[in-house]
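Tertiary structure, described
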Amino acid sequence: MRIYRPGQIRPSEITDREVWLKRRQLIKAGMAVGAGLMLGGANSLASAVYSGPGRNPRIVPLKETDYGEDLEPTRYKSITTYNNFYELGYGKRAPAENADVLKTSPWSIEVSGECARPGGMDIEDVLKLDQEERIYRFRCVEAWAMVVPWVGLPLGKFLRRFEPTSKAKYVEFKTLYDPERLPGQARKVLDWPYREGLRIDEAMHPLAFLATGLYGEVLPGQNGAPLRLVIPWKYGFKSIKSIVSIRFTEKQPRNTWNRIAGDEYGFYANVNPKVSHPRW
Ligand SMILES: Nc1nc2c(c(=O)[nH]1)N[C@H]1C(S)=C(S)[C@@H](COP(=O)(O)O)O[C@H]1N2
Ligand SMILES: [Mo]
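Below is a short write-up of the structure. The structure displayed is predicted, hence computed values, not measured ones.

Below, the discussion takes up the overall build of the protein. Per the secondary structure count, the protein includes 7 helices and 12 strands. When each of the 280 residues of the protein is scored for burial, the buried share is 55%. A separation of at least 24 residues holds for 71% of the contacts in the protein among residues at least 6 apart in sequence. With an accessible surface of roughly 13300 Å², the protein has 51% of that area assigned to carbon and sulfur atoms.

Here it is in structure tokens:
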């Protein structure tokens, strides 16, 4: 096991204290969104083009949901300039400044492990998935308590294409390992590649999704292009970015922050405002 050396990454940096405090106030709002999502609601097909910020190619067509309709979305600039993505630098602004080096083409996702149809899939094919089962957008209170108008596809539907077996009790995700495209990996501050894990029922839950875009446009690098996980009821660090590998496993996988600071970051990481972080 790698020894954690203070002064490199402080686990407390995974979230800012100030932001954390704000998030506690917003937890209630988050719960409300969660409840709304769980109740479901008829999806309406969006014909109008969403007035996005115009920086990245637009994702069309969109199947729009009404989830979180009552919430004011956070400004695009805030969502894209205050990030954690250590492979692109260690300050909150660094990922936005360094995102250019993250080339997302070519890109493929390998699905393996306990499933009947393992295989690779090019990101283009992921983005082209039948409209019926693909892109929708909704706002949710996520990392940093922002209200994010994500574009994404349900994780469960994507995973079922690979026919997980009864032995698939967990799902493990890995970020790309490529120090040229993710130069932060040249420094051994984390045990690269970044990893995350979910229990299979969490992964199959209708709220869990793979994000491919923001504000109706292709996801910027700093937010985890071309594909990142979003689990609205969990803390930010579960949202693994720039995924290349998904594996069905029988045993519970270790996730990056649990390996480096197991007493501070557990496997489940469900939002619980009653439990304080052990140090801050
Ligand atoms: N590959 C990778 N994924 C990652 C991280 C990272 O450093 N590398 N940071 C995590 C943490 S701690 C948080 S809070 C969220 C932040 O997501 P955001 O920048 O889109 O808000 O990404 C998570 N996913
Ligand atoms: Mo975080």
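Further notes follow.
Once that is clear, we can look at the packing of aromatic side chains. Inspection of the entire model under this criterion finds 9 aromatic pairs. Summarising the aromatic geometry, the rings of Y170 and F267 are spaced 5.8 Å apart at their centres and angled 85° between planes, so their arrangement reads as edge-to-face. Of this pair, Y170 sits in strand β7 (residues 170-175) while F267 sits in the segment after α7 (256-260); the two residues are 97 residues apart in sequence, bridging distant segments of the chain. An aromatic cluster is built from Y86, Y90, F237, W257 and Y265, whose rings are joined through pairwise contacts. Stacked on the ring of F267, the Lys or Arg K238 has its end atom at 4.6 Å from the ring centre.

Once that is clear, we can look at the pairing of strand β6 (residues 147-154). Counting buried positions over the 8 residues of β6 gives 8, a clear majority of the element. Strand direction decides the pairing type here: β6 and strand β9 (residues 209-214), joined by 5 bridges, are antiparallel. Looking across to β9, one finds that L153 is bridged to L210.

Where strands meet in a sheet, backbone hydrogen bonds hold them as pairs that are either parallel or antiparallel. Strand order in the open sheet formed by 5 strands is β4-β3-β12-β7-β8, with mixed pairing between adjacent strands. Both edges of this open sheet fall to β4 (119-122) and β8 (195-199), since each of them pairs with a single strand only. Here the strands of the sheet are splayed against their neighbours by 20° on average, with no regard to which way each runs.

A cis amide bond, omega 0°, links S105 with the succeeding residue P106. Mapped onto the fold, P106 is located in the loop between α3 (94-98) and β3 (108-113). The residue after A225, namely P226, is reached through a cis peptide bond having omega 0°. Unusually for a residue other than glycine, Y215 sits at a positive phi of about 50°. Here Y215 shows up in the loop between β9 and β10 (217-218).

Moving on, we come to the pattern of salt bridges. Under the defined criterion, the tally for this structure stands at 10 salt bridges. Its salt-bridge partner being R117, residue E163 comes within 3.0 Å of it at the nearest N-O pair. Placement of E163 in the loop between α5 (155-160) and β7 and of R117 in the loop between β3 and β4 is noted, with a sequence separation of 46 residues between them. A salt bridge links K238 to E196; the shortest N-O distance between them is 2.6 Å. With K238 in the loop between β11 (228-230) and β12 (243-249) and E196 in strand β8, this pair connects stretches of sequence that are 42 residues apart. Among the residues examined, K238 registers a relative accessible area of 1% and is labelled buried.

Tracing the backbone shows K251 in the loop between β12 and α7. Taking the relative accessible area as the measure of exposure, K251 reaches 72% and is therefore exposed. Once the C-alpha coordinates of K251 and V171 are considered, the two residues, 80 residues apart in sequence, prove to be 9.3 Å apart.

Here we come to the environment of L159. The residue L159 is located in helix α5 in this model. Sequence spacing of L159 and M204 is 45 residues, and the spatial spacing of their C-alpha atoms is 7.9 Å.

Moving on to the side chain of Q185. With respect to the element layout, Q185 can be found in the loop between β7 and β8. We classify Q185 as buried; its relative accessible area is 3%. Polar side-chain contacts of Q185 include one of 2.8 Å to the backbone oxygen of L176. Setting aside its immediate chain neighbours within four residues, Q185 contacts E87, L176, Y177, D178, P179 and W192.

Rules used in this analysis
- Residues numbered from 1 in each chain as written.
- Chains lettered and ligands numbered in written order.
- Predicted model: local features only at pLDDT ≥ 70, side-chain atom pairs only at ≥ 80, totals over all residues.
- Heavy atoms only, no water.
- Helix = DSSP H or I, 4+ residues; strand = E, 2+ residues; numbered from the N terminus.
- Buried < 20%, exposed > 50% of the residue type's maximum accessible area, 1.4 Å probe, protein only.
- Contact = heavy atoms within 4.5 Å.
- Areas by Shrake-Rupley, 256 points an atom, 1.4 Å probe, with all protein chains shown as cover.
- Phe/Tyr/Trp six-rings, centres within 6.5 Å; stacked < 30°, edge-to-face > 60°.
- Lys NZ or Arg CZ within 6 Å of the ring centre and 35° of its normal.
- Pairing = 2+ DSSP bridges.
- Axes fitted to C-alpha atoms, helices over the stretch in contact; angles between N-to-C directions.
- Salt bridge = Lys/Arg side-chain N within 4 Å of Asp/Glu carboxyl O.
- Polar contact = N/O pair within 3.5 Å; in protein donor to acceptor, adjacent residues only side chain to side chain.

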